[in-house]
Every structure is written in structure tokens, then in C-alpha cells.
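Overview (structure and organization)
Listed below are the residues making up each chain.
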Amino acid sequence: MSANQIARTSLALFCKVVDNYGDIGICWRLARQLNNEHKIQVRLWVDDLSSFKRICPQVQTDLDLQLIEGVRVHHWNNQDGVFEKEAIADIVIEFFACDIPPGYISAMAQCDRAPVWINLEGLTAEEWVEGCHTLPSPHPSLPLTKYFFFPGFNAKTGGLLQERSLDQQRRDFLADEQTRSSFLERLGVLPEEMQSQKISLFCYPHAPVEALFTAWTHHLLPVLCLVPEGVASKSVQKFLGSAPTVGKYYQRGALTVRVIPFMPQADYDKLLWSCEVNFVRGEDSFVRAQWAAKPFIWHIYPQDENLHHKKLKAFLQTHLATTDSSREFSLSWNGAQAGRDWLDLWSGLNSDLTAIETRSKDWLAQMNTLGDLASNLLSFVNTKQ
């Protein structure tokens, strides 16, 4: 930042929840990191407090304004509100083109110094984002410019969301066997299940969960699948034979399925660190699985005309840890190919897990060279007067 620039110390982040927990998950992590690590005063506007509460139990769903971990959280329930220019933040972020209130935009234009306006886009490995990252988009009628900011997997993008202390927390957790065991015990895992192959399952409802469960029942080694409450409910209920509530479990063949609480973000990281394989979905858990440096399978958010398959293939092509077996499994899991036998797919993936974990650590090291998304975003903001 040059000597004649004034520091930008306040930020408004607007989030409309589309993918239940992914959108607010990303925005909540970003809001906290900007506040905790960069001392930015953050106001988080979110339209769905119930989904927010699932990942952040401190949220009170009946309040229009509340302070949580240093972040002012607004219930965004009025698109037609009137805003005074004094209330406008130095930095304004709309997550994934969510169309912030027109009144807020009008007030932005009245500010003596216009805020830096960012459209924080969704994560993709597709090459086209490199040409769009940080591109300006002038407002058609107001003296405002919006900039597109893309997270991504190389230096031509904004990098990935990661807190400074995350990797050390992971290392400390993995180095302490008692801490790991106590965490799993709190989830209901029995002592005799600790040596099973532990798998976390987080996916969209249309995932072929029943077929995978059937394959796992025939696996040679015991498999423990930990499923947060509310995930793949119909498939889990069919396997359990009863409503999938917290604490319910069922064992068939080599497979034990346990329903665990839907947990806050910090505990979800511990779950990823505790398992040998993680099934994740959307964007937020997808990124956290990468920082966990464990083998994972991504269930990508579905798009019209199967555009998500293109995004999936772009990532598999980019990801250092992709093997032939993980590619085949990922494509089948996402419906990008059919006719594969699930036991064969799992056996192939299972035989490559050691190699995948080694490559996952190499990927983590490569991603760390890019810097983290929050720091990169602020560095870009500081280039704007």
C-alpha cells in the first residue's frame, strides 16, 4: 500500500445460501479470518440463519443483528432497504454474484471514497478463470467498478481459503493419539471400531450411496462409515432400517454405518483428519479435504446440462493426487460415467490410498506456495485507490 493510500479497515460480505452449508461455510470462514488475522471490521449479511446455525451453534435465528466471534452478523431479509453512506464498508464483497441490495449500491456511489467492490466467485480449476481473475466490471450508470476475484489452484488466481494456524492444528491433532481417540469416542465410535477403515460421508442426496454401502459390506476389511445427521438421509435410513438420528448405527458384513452429529466447522476438520478417506461435496468441505491431506472423493454441486462434469474433470486433471483409480471412482460417483462395478471401483481406489495420501501432501505443499485467499484478496484491494 502506497503512502498516500488510506487503509481500508471495514468490510461487508453478502451471502445468499444456495448450497445449504457450502455458501455460508465459505463466507463464515472468510469473515472470521479477515477479522481475527487481519483486524478487519466485518459485517456478514446472510439470508438463511437456520443453515448458518448448523455449522455455527452460537447463531440465534430470531435476531436481525448479533455479534459472533467478533463478526457482526446481519439477517439479510430485506432487499429493498435504505442505507446511509456512513454505513457503507470500505470493502464490499458479494459472494457468487448474489445481487446485493440496490439501496446499498446507491449508497456506495455516494461515498466520498468508493468502496472496493468484489464479486468473489466459485472455485474451479477450469483455465478460463485465469483470464477473468481481477477483471473490472464498470457499473452501467453509477461511478462504481466491481472486480471479479476467483479462488483457484495456481498463481493466476486467488488461491484457497486457509487460516494461518490450520496446518499446525492438523499436525498437533495427528501427533496426539489420545486426542484423536477421545474425539472419535465423543462421536460414538467404540474401542473395537477404532482400527476399522474410517470413512466420512458428506454428499448430496442423489449420490449412489446404497450401491457403495453394498460394496463395502463385501469388503475384506472392516469399514466404519461416519455420516453426519441429515446427509443422504433416505439411503442411510434404508440401510439402518430406521430414521437416521444421532447415535444410530447398523452393521452388515464388513460395514458399520454410524450417524454422528452435524458438527461445527472446527470439529469437521478433526473428522477429516481422523478418517482414512473423506467423501466431501460442494466447495467448502472440498477445500477442507485438500488441507487435510487425506484421500477424498468430491461430490460436485450439480449444474444444468452437466456442466459440473466439466469442472470435475478439470480438477482431476489438475490435482496432483489423482490416480487412475480415483479418477474412475470420482467420475462414477458424480454420474459422469456408468456401468462400473462399485466393489471393483472401491478395491482399485483402496489399493492406491497410500500413494494418494503421499501425493496429497505434495499437493498441500504446492497450494501453500500460492498464499491464502483472504491475504491475496486484501493485497488486491490495497492496489485500488
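Thresholds applied
Residues numbered from 1 in each chain as written. Predicted model: local features only at pLDDT ≥ 70, side-chain atom pairs only at ≥ 80, totals over all residues. Heavy atoms only, no water. Core = buried A, V, L, I, M, F, W, Y, C linked by side-chain atoms within 4.5 Å. Buried < 20%, exposed > 50% of the residue type's maximum accessible area, 1.4 Å probe, protein only. Helix = DSSP H or I, 4+ residues; strand = E, 2+ residues; numbered from the N terminus. Phe/Tyr/Trp six-rings, centres within 6.5 Å; stacked < 30°, edge-to-face > 60°. Pairing = 2+ DSSP bridges. Disulfide = S-S within 2.5 Å.

Take the nonpolar core next. Core analysis: the biggest nonpolar cluster contains 112 residues, and F52, F213, W216, F279, F329 and W333 have the highest contact counts within it. Looking at which element gives the most residues to this core, the answer is helix α1 (residues 22-38), with 7 residues. With 17 residues, the next largest nonpolar core counts W45, C98, I105 and A107 among its residues.

The final tally for this structure, using the stated rule, is 36 aromatic pairs. Plain terms: the ring middles of F14 and Y104 are 5.1 Å apart, the flat faces sit at 75 degrees to each other, and that makes the pair edge-to-face. A residue pair is termed long-range when its members are at least 10 positions apart, and F14 in strand β1 (residues 10-15) and Y104 in helix α3 (residues 102-110) qualify at 90 residues. Judged by its relative accessible area of 2%, Y104 is buried.

The two faces of strand β3 (residues 65-68) differ: Q66 and I68 on one face are buried, but L65 and L67 on the other face are not. Note: β3 against strand β4 (residues 71-75), 4 bridges, orientation antiparallel. Bridge assignment links I68 to a residue of β4, and that residue is V71. Linking β3 to β4, which pair antiparallel, is a turn of 2 residues; within it E69 sits at a positive phi near 50 degrees.

We now examine unusual backbone geometry. Notably, T134 is not glycine yet its phi reads approximately 70 degrees, a positive angle. Not every positive phi belongs to a glycine, and N306 is a case in point at roughly 55 degrees. Mapping N306 onto the fold places it in the loop between β14 (296-299) and α11 (307-318). Note on N306: relative accessible area 45%, which makes it partly exposed.

Turning our eyes to something else, we now look at the state of the cysteines. Overall, the coordinates contain 0 disulfides when judged by the stated rule. Distance from the sulfur of C203, which forms no disulfide, to the nearest cysteine sulfur (C225) is 8.7 Å. Classification of C203 as buried rests on a relative accessible area of 1%. Free of any disulfide, C225 has its nearest neighbouring cysteine sulfur in C275, separated by 8.6 Å.

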